[in-house]
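These are the residues of each chain, in order.
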Amino acid sequence: MENPKRFYITTPIYYVNDIPHIGHAYTTTACDAIARYKRMKGYDVRFLTGTDEHGQKIQAAAEAKGETPQQFVDRIHQTFRDLCKLLNASNDDFIRTTEERHIKTVQAIFAKLIEQGDIYKGTYSGYYCIPDETYVPESSMGPNKTCPDCGRPLTVMEEESYFFRASKYVPQLIDYYEKNLKAVMPKIRYNEIMSFLRSGVRDQSVSRTSLKWGIPVPGDEKHVVYVWFDALVNYVTSAGYLDDPEKFNYWWPHVRHMVGKDIIRFHCVIWPLMLLALGINLPVEIFAHGWWTVDGEKMSKSKHNVVDPFKTVKEYGLDPFRYFLLREVPFGNDGDFSELALVGRINSDLANDLGNLLNRTLQMIRSYRGGLVPSCSETKSELSELSSKVLERVDEAMNDYAFDEALKTIWEFIGRSNKFIDETAPWKLAKDESQGERLDFVLLNLYESLRLSAMLIAPVMPDTAKRIWTQLGINDDPSKAQYDSFKWGEGSGRTIGTSEVLYPRIDIEAWKKSKEEKKLQEEQNNSAPVEHEAEISIDDFRTVEMRVARITKCEEIPKSKKLYKLEVDLGYEKRTVCSGIKAFFSTEELIGKTVILVTNLKPVKLCGVESNGMILAASVKKDGVSEQLTLVEPEDKTIPLGSRVS
Ligand code: MSP
């Protein structure tokens, strides 16, 4: 056990160019559960979350909305605050990287590292995606040196940059990790990080001149600090590194970071190297969790399968959502989200196991003992003995961030308690007056089992725990209770409260039917044209000449973000056509495609290029902007080029 009992836990700070989704909800929920758990174990806890508000992606997102970056981050960061509220997160601080306290800390750290020679000026050269305005590491380049995000060709670029002397501290970090085998968890990530470190780490570019939206480098304002350098510093900013040494020394030696597996190199390599350079001690633990897919597929905006925590919570309730996230998948592994699985958990674990234990117990206390929790001389039972083991196992699991194990253990206990009812058959005891004491014993044990179970689930389901205690006639908040002071038997003498169904069973068949109907409705809504064009005659339609064509060349138009210059082959001639489909295809994807071309449109000049026709595409538009787009292609690609479409 750590002495003194302090626990400082952090989520990654979330990029505000995205809307909150299940991935963000996951880390915040996990951190919240561990923070709540530690508080109930007597720890002084600090829980930090926040938003990452600088950098290229955010500048671009703001531009796309026609806002200044500041306006944009001020508006969007609020959705992440709302997410915290939605999730009932018990965070003690919410940091924004655009706050003054953070900017000052980043600049002070940058200046200190320059002064001690650990940041120096050099030239950065790398593969750059001009339209996305971002460098792409060689390890993540797409085929033929293309951008992994947009698929477009990359260009070699060079710019002046400040470098952090990361390489200097690598041996020290390897040594630390060799001595602290749990500093990076789970084991698979530890191994990954060790082999990465052993393969060598280059000095890191930590400034940009190509971008404005960032923290200015102190003394050299044409550079802004690289967004990851800036972002990682948030953990020390919030702890008072710059101006509150007492606070910093109180919390920092107890810091743990929770992150997704995609950002471990930043957290387990770059950040610790920065800390070593600064002479600050390294995080006690960094835990990397896995990623959620949705119904077996990667979550993405284009697939329209992003799980919106606001919607999910509205439909199924917060605590079931929190429970599902932490119970469904061993923490550290990847998991698959499906509403059906969530409904399954609600029915089996919450409505059935937990709900039944509560209903049956309260019902019997009410019927057989007038609502008064009985007392008895001997309280020791199979359940009481099991309860001590459960407390120990839950503690072990929580210390390893094994939320699923902790919950499984609690549910085994709930299951055992339900079985205890069947075995002891209180309804039979109630009929026999000589069994009065035995009945008291059974009812008290069941009551205690519920009192403890509610307390044990409080870190994951704080509201449900409170509702159970209220029904048990306890007015306190279980989240404020201390595990170590729980004493089996102390529940006797209480009067139980009013019963209510904790979680009603969801009728799966009716649920499936209503989902299907909703889907159909949505499809109809989407396909219903909002505005119809005026009617035309078949003769009017025949005036539009459409023919099968093949794309033979595809080039960027430097002045345009949306257009490609295409060469299309109609069999009898080749033409140049400009098409606004750049956001949806790479040049390689387009070359060779068989498409339908409107051939008798008046030529028009677009961004200096004459366009002689229009390629047909179907698209879904929002606010006039295409969100999804697909080309119309003839099913039989062997149909001769130039064939007329009618
Ligand atoms: N801003 C950086 C973190 C800087 S911390 C100094 C960042 N932000 S993020 O918003 O893109 O991601 C935040 C977290 O969400 C990451 O830990 C990431 O792993 C997690 N997730 C994003 N999508 C996810 C899933 N589909 N599933 C689970 N978590 C995922 O990275």
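Residues numbered from 1 in each chain as written. Predicted model: local features only at pLDDT ≥ 70, side-chain atom pairs only at ≥ 80, totals over all residues. Heavy atoms only, no water.

1. Considerations on the overall build of the chain
Then, in step 1: For the chain, the count of helices and strands is 21 helices and 25 strands.
Then, in step 2: When the backbone C-alpha atoms are referred to their principal axes, the chain occupies close to 105 × 75 × 40 Å.
Then, in step 3: In the chain, which comprises 646 residues, the share counted as buried stands at 50%.
Then, in step 4: Carbon and sulfur atoms make up 50% of the accessible area of the chain, which totals about 30800 Å².
Then, in step 5: Across the chain, the centroid of the 84 positively charged side chains sits 1 Å from that of the 94 negatively charged ones. (Helix = DSSP H or I, 4+ residues; strand = E, 2+ residues; numbered from the N terminus. Buried < 20%, exposed > 50% of the residue type's maximum accessible area, 1.4 Å probe, protein only. Areas by Shrake-Rupley, 256 points an atom, 1.4 Å probe, with all protein chains shown as cover. Lys, Arg positive; Asp, Glu negative; His and termini not counted. Charge placed at Lys NZ, Arg CZ, Asp CG, Glu CD.)

2. Structural notes on helix 10 (residues 264-278)
Then, in step 1: The terminal C-alpha atoms of helix 10 lie 20 Å apart, and with 15 residues this matches the ideal 21 Å at 1.5 Å per residue to within 8%.
Then, in step 2: At Trp271, helix 10 shows its maximal kink, close to 25°; a proline, Pro272, follows between one and four residues later.
Then, in step 3: With 13 of 15 residues buried, helix 10 is to be regarded as a mostly interior element. (Expected span 1.5 Å × (residues − 1). Bend = angle between axes of the 7 residues up to and from the residue.)

3. Remarks on the site of the ligand
Then, in step 1: Taken together, the neighbourhood of the ligand is formed by 23 residues, with Ile13, Asp52, Gly260, Asp262 and Trp292 sitting nearest.
Then, in step 2: One nitrogen or oxygen atom from the main chain of Ile13 is found 2.8 Å from a nitrogen atom belonging to the ligand.
Then, in step 3: Isolated, the ligand exposes 670 Å² of accessible area, and the fraction of that covered by the protein chains is 94%.
Then, in step 4: Residue assignment for the shell around the ligand shows that the elements contributing at least two residues are strand 2 (14-15), helix 1 (22-40), helix 7 (227-232), helix 8 (234-239) and strand 12 (255-260).
Then, in step 5: At 3 residues, helix 7 tops the list of elements feeding residues into the shell around the ligand.
Then, in step 6: For the shell around the ligand, the class distribution of residues is 13 nonpolar, 8 polar and 2 charged. (Near = heavy atom within 4 Å. Polar contact = N/O pair within 3.5 Å; in protein donor to acceptor, adjacent residues only side chain to side chain. Nonpolar A, V, L, I, M, F, W, Y, C, P; charged D, E, K, R; others polar.)

4. A word on the pattern of salt bridges
Then, in step 1: The final tally for this structure, using the stated rule, is 43 salt bridges.
Then, in step 2: Here Arg345 ties to Glu328 by a salt bridge, and the two come within 2.7 Å at their closest N and O atoms. Within this pair, whereas Arg345 is found in helix 13 (residues 339-369), its partner Glu328 is found in helix 12 (residues 318-328), the two being separated by 17 residues in sequence.
Then, in step 3: Residue class for Arg345 comes out buried when judged on its relative accessible area of 18%.
Then, in step 4: With its nearest N and O atoms 3.9 Å apart, the salt bridge here joins Asp477 to Lys480.
Then, in step 5: Through salt bridges with shared partners, one network takes in Arg46, Asp93, Glu99 and Arg101. (Salt bridge = Lys/Arg side-chain N within 4 Å of Asp/Glu carboxyl O.)

5. Some thoughts on the domain arrangement of the chain
Then, in step 1: Each assigned domain of the chain is listed here: domain 1 (6-290), domain 2 (339-485) and domain 3 (538-645).
Then, in step 2: Taking the mean C-alpha position of each, domain 1 and domain 3 sit 43 Å from one another.
Then, in step 3: Listed per partner, the contact involves 7 residues of domain 1 and 6 residues of domain 3.
Then, in step 4: A combined buried area of about 460 Å² lies between domain 1 and domain 3, and 44% of that area is made up of carbon and sulfur atoms.
Then, in step 5: Our count for the contact surface shared by domain 1 and domain 3 stands at 0 salt bridges.
Then, in step 6: Here domain 1 is connected to domain 3 by 0 residue pairs in polar contact (both at pLDDT 80 or more).
Then, in step 7: Looking at the side of domain 1 that touches domain 3, its residues break down into 3 nonpolar, 2 polar and 2 charged. (Domains from an automatic or database assignment. Contact = heavy atoms within 4.5 Å. Buried area = accessible area lost by both parts, 1.4 Å probe.)

6. Description of the environment of Ala231
Then, in step 1: Position of Ala231 relative to the elements: it lies in helix 7.
Then, in step 2: Look at Ala231 and you get buried, because its relative accessible area is 4%.
Then, in step 3: For the pair Ala231 and Pro12, spaced 219 residues apart in sequence, the C-alpha separation works out to 8.8 Å.
Then, in step 4: Setting aside residues up to four positions removed in sequence, Ala231 forms contacts with Ile13, Asp52 and Thr97.

7. Brief notes about the pairing of strand 16 (residues 546-556)
Then, in step 1: Where strand 16 and strand 19 (residues 594-598) come together, 5 bridges link them in antiparallel fashion. Across the sheet, residue Val548 finds its bridge partner in strand 19, namely Ile596.
Then, in step 2: Pairing of strand 16 with strand 25 (residues 644-645), which is carried by 2 bridges, proceeds in the antiparallel orientation. Across the sheet, Arg547 pairs through a bridge with Arg644, a residue of strand 25. (Pairing = 2+ DSSP bridges.)

8. Some points on the environment of Leu278
Then, in step 1: With respect to the helices and strands, the residue Leu278 is situated in helix 10.
Then, in step 2: Along the backbone, Leu278 and Gln116 are 162 residues apart, and their C-alpha atoms lie at a distance of 9.5 Å.

9. Focus: the nonpolar core
Looking at soluble globular proteins, one finds that nonpolar side chains tend to be buried together.
Then, in step 1: Counting residues in each nonpolar core, the largest one holds 107 residues, and the members touching the most others are Met258, Tyr401, Phe403, Trp411 and Leu472.
Then, in step 2: The element best represented in this core is helix 17 (residues 436-457), accounting for 13 residues.
Then, in step 3: Looking at which domains feed residues into this core, each of domain 1 (6-290) and domain 2 (339-485) gives three or more.
Then, in step 4: Discounting residues that sit within four places of it in the chain, Phe403 has contacts with Ala30, Ala33, Ile34, Leu326, Phe331 and Met398.
Then, in step 5: By size, the runner-up hydrophobic cluster in this structure holds 58 residues, among which are Ile95, Val201, Val225 and Val259. (Core = buried A, V, L, I, M, F, W, Y, C linked by side-chain atoms within 4.5 Å.)

10. Observations concerning the sheet that holds strand 7 (residues 155-164)
Then, in step 1: Reading across from one edge, 6-5-7-9 is the order of the 4 strands in this open sheet, with antiparallel pairing throughout. Looking at the sheet topology across the chains shown, the edges are occupied by strand 6 (134-136) and strand 9 (204-205).
Then, in step 2: Here strand 5 (residues 119-129) runs beside strand 6; their pairing, made up of 3 bridges, is antiparallel. By the bridge assignment, Cys129 is partnered in strand 6 with Thr134.

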